[in-house]
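Spelled out, the chains give:
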Amino acid sequence: MKKSLRRGLVATAATALGAGLLAVPAAQADTSRTPQTVNAADWLSGQVVDGVLYNEQFDFVDWGLTLDTLLALDAVGGYNAKVADIADALADDLGSYIGTGGESYAGSTAKALVAVQAADRNTADFGGTDLVAATEARVDGTGRLADESAFGNFANVFGQAFAVKGLHAAGSGEAASATAFLLQQQCADGGFRLDFTATDTSCSGDDAQTDSTAIAVDALLPQRGTQAVDTALDEAEAWLSGQQDASTGAFAGGPGTETANTNSTAVAAVALEKLGEEQAAADAAAWIAQRQVTAYSACGTELDGQFGAVGYDDAAIATAEDDGIEVETADQWRRATAPAITALQSYDDPTPRPKATFTVTAPSGYVAAGAPVTLTATGLANGERYCVYSVDGSIARAGKADADGVATISATAPSPGVRPVYVYGERDARQGEASLRVLTTTKRFVATTNVKTVKRNGRIRVSARGLASREPVRIGYGGKYILENVNARADGTIDYTFPVGSSTGKKNVYVRGIVNTRQGIASFTVVK
């Protein structure tokens, strides 16, 4: 049953959640993906429907976040079809994102350029627009990116960085001035501020923010080798390294996001990894991984089934464990997961990941959906905590093994089909698996008799089809079962010949499967 919308959106500032994902061109895609990256990418790509991420709370297509997703999936590789779907959808709806008529949104245009480059599409004619020329048109004589909009000018370092990245990749003559203006946004201590104005390009250290610094670094890296850029990158590297919590590996964001969060930590991790700070990136990725939903961490909570999603912070995770990922909080989970996809490639799990280390046994035959079942896991440690779940979410609970390392689990059979059931130990890698063959409880078989009338004390043959292969069968006639403890054939059929007795009149014979509601009825008449 869908949960009610009981809580409001967990507050997050635009600084951290608006920070564009650090884009990586397709040529740089890293195919050495960690399990954490794959799980995060699988979850977020599953949120994309018809090529877009739709914000149900505020009823709009979130193109900024959708393009973050494209860039992340392209960077890690293996999601070409989803990347293509997003690119196709963007081409069909480009004007709503970059502006039409007298409206031209600089940051959106630049971000669209980088995304289309990553998707390997024609930037000179994408959705009827030359995105390179459109981005160039938003760069003024000082190199500053600016909106042309009746709503005002909201261009900032995020958009400036995308413009630098996209225009440099396109070989644009405007790339140099855009780069020079981006460099002017660097504070004296090495960090980059988020906001700038047309007249003031000075910057004090108090203005620097993690997210804007990380995305500026990403934009400048392709121009490494020039003195001004190298100096800026060295200073930004030192500043970012100094912002990392030495004990946890986490990063905080800017105003409104001053506490540690996965979004700021992720963009910083990607930047540091590209700068060669591999250990710092790994420490940050480890902190993020601890806030990723796993089968074990979600067991028995409302996050079951959300495997791979990354929570923004501990408070967001605690709320979702009680309420699930609801309409009001879905946006935050998506924004936290998008940059984490790339950052988690730096995660180096220090604990070996063994394959199945204990045995799970389940009923060997069929079980009916909703019926009680008993599972047994052996080989756990004395008192080891375990979690059991099924993919459809109908089984999800936790417990502890007994002194012999045995867990006896009482559960309810999940939905019909061949359903794997997983039991996890203290770590996700310690697991066992069994399968349940589950049948629906409402099934009508086709049952017929070889004749419609038969003389009393005669014999008649009843046939049935539509049972499961080798399903247990019982045949009832005259108020009792006349056949039990037999199985249908491999093709789900059965035939049985029996005496009708001396009573005359209309008669019914019942062919029943594993439960009484799985049955077929055939009628015939006994005559003198």
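Residues numbered from 1 in each chain as written. Predicted model: local features only at pLDDT ≥ 70, side-chain atom pairs only at ≥ 80, totals over all residues. Heavy atoms only, no water.

With that settled, consider the overall build of the protein. Assigned secondary structure in the protein consists of 16 helices and 21 strands. Taken against the 2.2 N^0.38 rule, which gives 24 Å for 528 residues, the C-alpha radius of gyration of the protein at 31 Å runs more than 25% over that of a compact globule. Referenced to the eigenvectors of the C-alpha coordinate spread, the extents of the protein come out at roughly 110 × 60 × 40 Å. Counting only residues that meet the buried cut, the protein has 51% of its 528 residues in that class. Contacts in the protein between residues at least 24 apart in sequence constitute 63% of all its contacts with a sequence separation of at least 6. Only carbon and sulfur atoms are counted for the fraction: they give 48% of the accessible area of the protein, which is about 22,600 Å². Between the mean site of the 43 positive side-chain charges and the mean site of the 61 negative ones, the protein shows a separation of 26 Å. (Helix = DSSP H or I, 4+ residues; strand = E, 2+ residues; numbered from the N terminus. Rg over C-alpha atoms; globule rule 2.2 N^0.38 Å. Buried < 20%, exposed > 50% of the residue type's maximum accessible area, 1.4 Å probe, protein only. Contact = heavy atoms within 4.5 Å. Areas by Shrake-Rupley, 256 points an atom, 1.4 Å probe, with all protein chains shown as cover. Lys, Arg positive; Asp, Glu negative; His and termini not counted. Charge placed at Lys NZ, Arg CZ, Asp CG, Glu CD.)

Positionally, Thr-66 belongs in helix 3 (residues 63-76). Exposure remark for Thr-66: the relative accessible area of 0% places this residue in the buried category. Not counting residues within four places of it along the chain, the set of residues in contact with Thr-66 comprises Gly-51, Val-52, Leu-53 and Ile-86.

Turning our eyes to something else, we now look at the confidence of the model for the protein. With 91% of its residues at a pLDDT of 70 or more, the protein shows a mean pLDDT of 90. In this model residues 1-31 is a low-confidence stretch, pLDDT under 50, and it forms 93 contacts with partners more than four residues away in sequence or in other chains. (pLDDT = per-residue confidence, 0-100.)

Here we take up a negative patch on the surface. On the surface, Asp-189, Asp-195, Asp-206 and Asp-207 cluster together to form a negatively charged patch. When you line up the elements, Asp-189 lands in the loop between helix 9 (175-183) and strand 3 (192-193). (Patch = residues over 30% accessible without salt bridge, like charges linked within 9 Å, V, L, I, M, F, W, Y side chains within 5 Å. Salt bridge = Lys/Arg side-chain N within 4 Å of Asp/Glu carboxyl O.)

Applying the stated criterion to the full structure yields ten salt bridges. Its salt-bridge partner being Lys-111, residue Asp-68 comes within 2.8 Å of it at the nearest N-O pair. Taken together, the residues span a long stretch of sequence, with Asp-68 in helix 3 and Lys-111 in helix 6 (residues 106-118) at a distance of 43 residues. Each member of the pair, Asp-68 as well as Lys-111, carries the same accessibility label: buried. Residues Asp-218 and Lys-274 are paired through a salt bridge, measuring 2.5 Å at the closest nitrogen-oxygen approach. One end of the pair, Asp-218, is in helix 10 (residues 210-220); the other, Lys-274, is in helix 12 (residues 262-274), and 56 residues separate them in sequence. Judged by its relative accessible area of 4%, Asp-218 is buried.

On to helix 16 (residues 327-343). With 17 residues, helix 16 should cover 24 Å at 1.5 Å per step; its first-to-last C-alpha distance of 26 Å lies within 8% of that length. In terms of burial, helix 16 is largely enclosed, as 16 of its 17 residues are buried. (Expected span 1.5 Å × (residues − 1).)

On to the nonpolar core. Leu-90 and Trp-333 are the most contacted members of the largest nonpolar core, which has 101 residues in total. If we ignore the near neighbours within four places in the chain, the residues touching Trp-333 are Trp-43, Val-293, Leu-303, Ala-309, Val-310, Gly-311, Ala-316, Ile-317, Ala-320 and Ile-325. (Core = buried A, V, L, I, M, F, W, Y, C linked by side-chain atoms within 4.5 Å.)

Taken as a whole, this structure holds eight aromatic pairs when the rule is applied. Here the aromatic rings of Tyr-389 and Tyr-422 are separated by 5.4 Å at their centres, their planes lie at 25°, and the arrangement is stacked. In this pair, Tyr-389 sits in strand 8 (residues 385-390) while Tyr-422 sits in strand 11 (residues 417-424), placing the two residues 33 residues apart along the sequence. Classification of Tyr-389 as buried rests on a relative accessible area of 6%. Overall, Tyr-422 belongs to the buried group, its relative accessible area being 16%. Grouped by ring-pair contacts, the aromatic residues Phe-307, Tyr-389, Tyr-422 and Tyr-424 constitute a single cluster. Here Arg-437 stacks its cationic end above the ring of Tyr-366, 4.2 Å away from the centre of that ring. Sitting above the plane of the Tyr-510 ring, Arg-512 keeps its charged end 5.1 Å from the centroid. (Phe/Tyr/Trp six-rings, centres within 6.5 Å; stacked < 30°, edge-to-face > 60°. Lys NZ or Arg CZ within 6 Å of the ring centre and 35° of its normal.)

Here the focus is the pairing of strand 18 (residues 480-487). The side chains of a regular strand alternate, first on one face of the sheet and then on the other. Relative to strand 18, strand 17 (residues 472-477) runs antiparallel, the two being bridged by five bridges. Directly across from Tyr-477, in strand 18, lies its bridge partner Lys-480. Hairpin geometry of strand 17 and strand 18 is characterised by an intervening segment of two residues between the two adjacent antiparallel strands and by a positive phi of about 65° at Gly-478. (Pairing = 2+ DSSP bridges.)

Turning our attention to unusual backbone geometry. The phi torsion at Asn-457 lies on the positive side, around 65°, for a residue other than glycine. By the element assignment, Asn-457 lies in the loop between strand 15 (453-455) and strand 16 (459-465). Its identity as a non-glycine residue notwithstanding, Asn-485 has a phi of 60°, on the positive side. By secondary structure assignment, the location of Asn-485 is in strand 18. Among the residues examined, Asn-485 registers a relative accessible area of 80% and is labelled exposed.

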